Each structure stands twice: as C-alpha cells, then as structure tokens.
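# Summary of structural features
Spelled out from the first residue to the last, the chains are:
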2 protein chains.
Amino acid sequence: MSLPHAILTALLEKPSSGLELTRRFDRSIGYFWSATHQQIYRELGKLEQAGHIRALPSDQPARGQKKDYEVLPAGLQELTSWVTRPEDPRQIRDPLLLRLRAAAVVGGPDMEAELVRHLELHRAQLEDYLAFEQRDFPPGRRITRQDRLRHVVLRGGIELETFWTKWLTDTLAELRDPEDGPTRHAAPDGP
Amino acid sequence: MSLPHAILTALLEKPSSGLELTRRFDRSIGYFWSATHQQIYRELGKLEQAGHIRALPSDQPARGQKKDYEVLPAGLQELTSWVTRPEDPRQIRDPLLLRLRAAAVVGGPDMEAELVRHLELHRAQLEDYLAFEQRDFPPGRRITRQDRLRHVVLRGGIELETFWTKWLTDTLAELRDPEDGPTRHAAPDGP
DNA sequence: TGAACCATGTAAATAGTTACATGATTAA
DNA sequence: TTAATCATGTAACTATTTACATGGTTCA
C-alpha cells in the first residue's frame, strides 16, 4: 500500500501531471519506490475518487491535454497518519541470492559474468548517489530537520549499494580463489 | 519469474508436498524468497502441467491426501538455464525509506518508536543468521563448492541485516542528537 | 505532411495477498 | 465424538508489468 503514499509525497513536493510524476519516479522518489506510468495514472484516478487529490482547474481538460494534480487536506492527513503507522519490514526477496542458491543445487554453472555485471551496475548506482550527496548535502552546513531526514534516506541508498558492491566483490573473490570460506566480519554491538 | 525456480530448487534439495514446501519457505529458502501456501499450490499445478515436476505415485491420491512432487529432467534443465540467464537487479523498493522521505515533506512527525521497532526486528534476524553460520559453516573446515555457494548466500543475508542495524542506529542517533549531518563513510574502491 | 515527441489512457497478463472451504488423521 | 491438526485447494482481491491505442503539438 505504498504507491499512493509515494504519489502524495511527490505531489506535495510539487503539483504535477501524470507524466511529470512518471519522470520524477525515474529519479528521486523512484530510487526508493519505482512505478510505471500506467500504475501512476490508475492511482491518480483512485486518489481523486477518494478525495485525496484534485486536478487543478484547466481551460481545456480534454484527452491528450496535460492535467496537474494537487493534494487536498484529506490527502495530507492520510499521508501524515501513514508515516507513523507501524508496518513490519518486508522479507528479503532477491533473485540473485536465490540464483546462487539454485546454482549450489544444480552443480554450480558459471555465474561469474553475471556477478561482474551486477557489480558494475551497483557501482554505477553508488557513484550516482555519492554525487547527489556531494551536491545536495555538502559537509559543514547548517541544515534543517527536513534536510536531515532527506539525507538519512540518501545515506540508506548509499549504504545499501555499498553493501552490494562489497558483497559482490567478496563473493567473486571467494568463488575464484577459494581460501577458507567467505570473510567474516564482527557483528556490530549496540552503542 | 522467480517463484517457480525457488520451488524447483527446494524440490531438488528434497522431494516434498505442498505443505512441506510451505514450511521450508518459512525457513531456509524463504529467507531470500518468501511465498504463501496458496502461491505454492498454484505454482505446483503449473509446474506439473509444464512437465517440470511430477507427483510421486501414491496409493490414494485424493483430496486432503499428501502428495509429494519430484523434479523431472525438463525442470532441472529449466533451472540450470535460469541460473546463468542475465537479469538486472531490482530497483530498491523500501516502505521505510519512503516513509522517512514522506516525513520530511509532512513536517516530520515522530518516527522514533517505529525506527526502534525495526532496529529490534533486524537485530533479531541478524542473530538468527549468525547462529546458522556458526552451526552450518564453522571456521577452518574443508568445504565443497556447493557449501561455498551456500555460505556466500548466507553472508548476503548477514551483511544486509548488518547494514539495516547500522543504518537504523545511525539514523536514530542523527535524529535524536543532530550534529553536523549523518556520518559519512568512504566508498570502497575496487581491488 | 509527416516524423518526433508530449500526454493520457485501455487491456490483458502475471504475481502476490487475504479469506475461506473441505476432507483426512489423530489424540483427548 | 469432537477438537486440533494436517493437507490441499478455490475465490476474490490487490499490485505490478507489458503491450497497445489515441489524440495533441512542434518543427523540419
């Protein structure tokens, strides 16, 4: 049930049309919740029905005409209540980990090329995130609570991609040149 | 398209009935690909239709009777080819990151309790994984290629949960006692 | 005028979740 | 003999993906 809330968040940041939202879901918001334009148009319809958003008045509201939406008070209230509503983290569901496990069962065909490809994709994504951080959150600057929230979210993305690059690097090394098993690292203790 | 492959993998490890598979999807395999019993029964039907698995002969194949499945050569072939088939990593899709971003927009209601709750859940999961590692992959033991594959998969789970506990701990500290922004860590360079 | 792009949408298929139904076996 | 549990399944709903349809605008 996150897509409507992702859309409300995006519309609060800036009233937009369906296509503009789609573009923004390819960048910022989309880095943590992706959606296609079909999902977005459908959801905009539902949100309008529910009275959470409305289309801004327009001269010619015809097919093929741009239609901008803004959030109504009911929508803001729904989003606010969703923010603190308890929701358990999802189970991990990762095809690559699953494929490695399958490889163990079918006798381990060569996955090296695929692992290298994933490593490169994750490295590229990490670089992008780090560039955003440089640009939007340069060190030693007074920031608001809102900036701080946005920054920890970006740190989440950065550290996730860091995890993947590190794990893929270790895994490749382990499968190429097996020593005594994967590197172990101490689990962090609480502060 | 991963569920049928998850099931084929589980059935190769051990021929099972639908309910047994459901149990195993609550443990081992399910740590990386979860599924409900309804999904599993439906998929077993499809896999049988496709000639990838078959029900083992039984005396009384009636409703309410246990039915065990085993993988046929066609199923093994399909799984083997899937293992090396290129498939891009999924975009991140995480409700908690999204909620933090929404919090930045609606004015930051108090998410501390929810963050603490998630931290505890991730810590518990991490402990479980570490216990599995102790049990199944004790240090200093000769292991086969298959064991090595299984171990790197488990390391993936361990390091993912380590990331979450660390990021949540940092985020809580940052939102409680704001200094100059989230802690930065150097990005790893390639070897 | 026609190609490229902007913009909104419909349709159909696949995937996943939630609720409920039904028969078989076992043990109090 | 009834309650609990094992085991398989149906139905309905929600979410997501893929393919296609339609009209408007701009510019060569």
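Residues numbered from 1 in each chain as written. Chains lettered and ligands numbered in written order. Predicted model: local features only at pLDDT ≥ 70, side-chain atom pairs only at ≥ 80, totals over all residues. Heavy atoms only, no water.

- Chain A goes by Transcriptional regulator in an unreviewed UniProt entry, where it is assigned to Streptomyces pristinaespiralis.

### Quick look at the side chain of B:His122
- For B:His122, the location among the structural elements is in helix α6 (residues 112-136).
- Judged by relative accessible area, B:His122 falls into the buried class, the value being 7%.
- B:His122 has contacts with A:Pro89, B:Glu161, B:Trp164, B:Thr165 and B:Leu168, leaving out every residue within four places of it along the chain. (Helix = DSSP H or I, 4+ residues; strand = E, 2+ residues; numbered from the N terminus. Buried < 20%, exposed > 50% of the residue type's maximum accessible area, 1.4 Å probe, protein only. Contact = heavy atoms within 4.5 Å.)

### Some points on the protein's contact with DNA strand D
- Taken together, 21 residues are adjacent to DNA strand D, and A:Gln38, A:Arg42, B:Leu19, B:Tyr41 and B:Lys67 come closest.
- Among atoms of DNA strand D positioned within 4 Å of the protein, sugar and phosphate together represent 57%.
- Contacts to DNA strand D include A:Gln38, whose side-chain N or O atom sits 2.7 Å from a base nitrogen.
- The contact in question runs from a phosphate oxygen of DNA strand D to an N or O atom on the backbone of B:Gly18, over 3.3 Å.
- Elements represented by at least two residues in the surface near DNA strand D include exactly α3 (37-49) of chain A together with α2 (18-25) and α3 (37-49) of chain B.
- At four residues, α3(A) tops the list of elements feeding residues into the surface near DNA strand D.
- In terms of residue class, the surface near DNA strand D is built from four nonpolar, 10 polar and seven charged. (Near = heavy atom within 4 Å. Polar contact = N/O pair within 3.5 Å; in protein donor to acceptor, adjacent residues only side chain to side chain. Nonpolar A, V, L, I, M, F, W, Y, C, P; charged D, E, K, R; others polar.)

### Notes on empty space enclosed by the protein
- Scanning the model with the defined rule gives two cavities of 30 Å³ or more in all.
- Reported here for the largest cavity is a volume of approximately 60 Å³.
- As for the largest cavity, its lining consists of A:Val152, A:Arg155, A:Glu159, B:Trp167, B:Asp170, B:Thr171, B:Glu174, B:Pro182 and B:Thr183.
- For the lining of the largest cavity, the secondary-structure elements that each account for two or more residues are α7 (145-176) of chain A together with α7 (145-176) of chain B.
- In terms of residue count, α7(B) provides more of the lining of the largest cavity than any other element does, four residues in total. (1 Å grid on protein atoms, 1.4 Å probe; cavity = no way out; pocket = protein on both sides within 12 Å on 5 of 7 lines; lining within 4 Å. Points joined across faces, edges and corners; volume = space filled by probe spheres on them.)

### Considering the packing of helix α1 (residues 3-13) of chain B against α3(B)
Residues and elements named next belong to chain B.
- Look at α1 against α3: their axes get within 10 Å of each other, and the N-to-C directions meet at 85°. Relative to α3, the element α1 is oriented roughly perpendicular. Note on element contacts: α3 touches α1 through Gln39, Ile40, Glu43, Leu44 and Leu47, opposite Leu3, Pro4, Ile7, Leu8 and Leu11. (Axes fitted to C-alpha atoms, helices over the stretch in contact; angles between N-to-C directions. Parallel < 35°, antiparallel > 145°, perpendicular 65-115°, else oblique.)

### Regarding the interface of chain A and chain B
- Taken together, the 99 residues of chain A in the interface contact 99 residues of chain B.
- Counting each side, the surface lost to burial between chain A and chain B is near 8,800 Å², with a carbon and sulfur contribution of 64%.
- Measuring nitrogen to oxygen at the nearest pair gives 3.4 Å for the salt bridge that ties B:Arg101 to A:Glu13.
- The interface formed by chain A and chain B includes 22 residue pairs in polar contact (both at pLDDT 80 or more).
- Elements represented by at least two residues in the side of chain A that touches chain B include exactly α1 (3-13), α4 (73-84), α5 (95-106), α6 (112-136) and α7 of chain A. (Buried area = accessible area lost by both parts, 1.4 Å probe. Salt bridge = Lys/Arg side-chain N within 4 Å of Asp/Glu carboxyl O.)

### A word on the domain arrangement of chain A
- Segmentation of chain A into domains returns domain 1 (2-57 + 67-82) and domain 2 (95-176).
- Distance between the C-alpha centres of domain 1 of chain A and domain 2 of chain A: 28 Å. (Domains from an automatic or database assignment.)

### Re the protein's contact with DNA strand C
- Close to DNA strand C lie 21 residues, the nearest being A:Leu19, A:Tyr41, A:Lys67, B:Met1 and B:Gln38.
- Restricting the count to atoms of DNA strand C within 4 Å of the protein gives a sugar and phosphate share of 57%.
- Here a base oxygen of DNA strand C and a side-chain polar atom of A:His37 are 2.8 Å apart.
- A:Tyr41 has a polar side-chain atom sitting 2.8 Å from a phosphate oxygen of DNA strand C.
- Of all elements in the fold, only α2 (18-25) and α3 of chain A together with α3 of chain B reach the threshold of two or more residues within the surface near DNA strand C.
- In the surface near DNA strand C, the residues fall into four nonpolar, 11 polar and six charged.

### So, α4(A)
All names here are of chain A.
- The first and last C-alpha atoms of α4 sit 18 Å apart over 12 residues, in line with the 16 Å expected at 1.5 Å per residue.
- Among the residues of α4, those classed as buried are Gly75, Leu79, Trp82 and Val83. Down the axis of α4, the smallest arc covering the buried residues is 105°, so these residues share one side. Opposite the buried face of α4, by more than 90 degrees, sit the exposed residues Pro73 and Gln77. (Expected span 1.5 Å × (residues − 1). Arc of directions from axis to C-beta.)

### Notes on the layout of surface pockets
- Its volume calculated, the largest pocket comes out at about 1,100 Å³.
- Lining the largest pocket are 39 residues, and of these A:Arg93, B:Arg90, B:Gln91, B:Ile92 and B:Arg93 lie nearest its centre.
- The leading source of residues in the lining of the largest pocket is α6(A), at six residues.
- Considering only residue class, the lining of the largest pocket consists of 16 nonpolar, nine polar and 14 charged.

### So, the side chain of A:His52
- On the secondary structure map, A:His52 appears in the loop between α3 and β1 (53-55).
- With sequence-adjacent residues up to four places away left out, A:His52 is seen in contact with A:Leu8, A:Leu47, A:Val71, A:Leu72, A:Ala74, A:Gly75 and A:Glu78.

### Re the pattern of salt bridges
- In total, this model carries 32 salt bridges over all chains according to the counting rule given.
- Residue A:Glu112 pairs with A:Arg176 through a salt bridge whose shortest N-O separation is 2.5 Å. With A:Glu112 in helix α6 and A:Arg176 in helix α7, this pair connects stretches of sequence that are 64 residues apart.
- Given the relative accessible area of 51%, A:Arg176 is considered exposed.
- The shortest N-O distance in the salt bridge between B:Arg99 and B:Glu114 comes to 2.7 Å. On the criterion of sequence distance, the pair formed by B:Arg99 in helix α5 (residues 95-106) and B:Glu114 in helix α6 is long-range, its members being 15 residues apart.
- Exposure remark for B:Arg99: the relative accessible area of 1% places this residue in the buried category.

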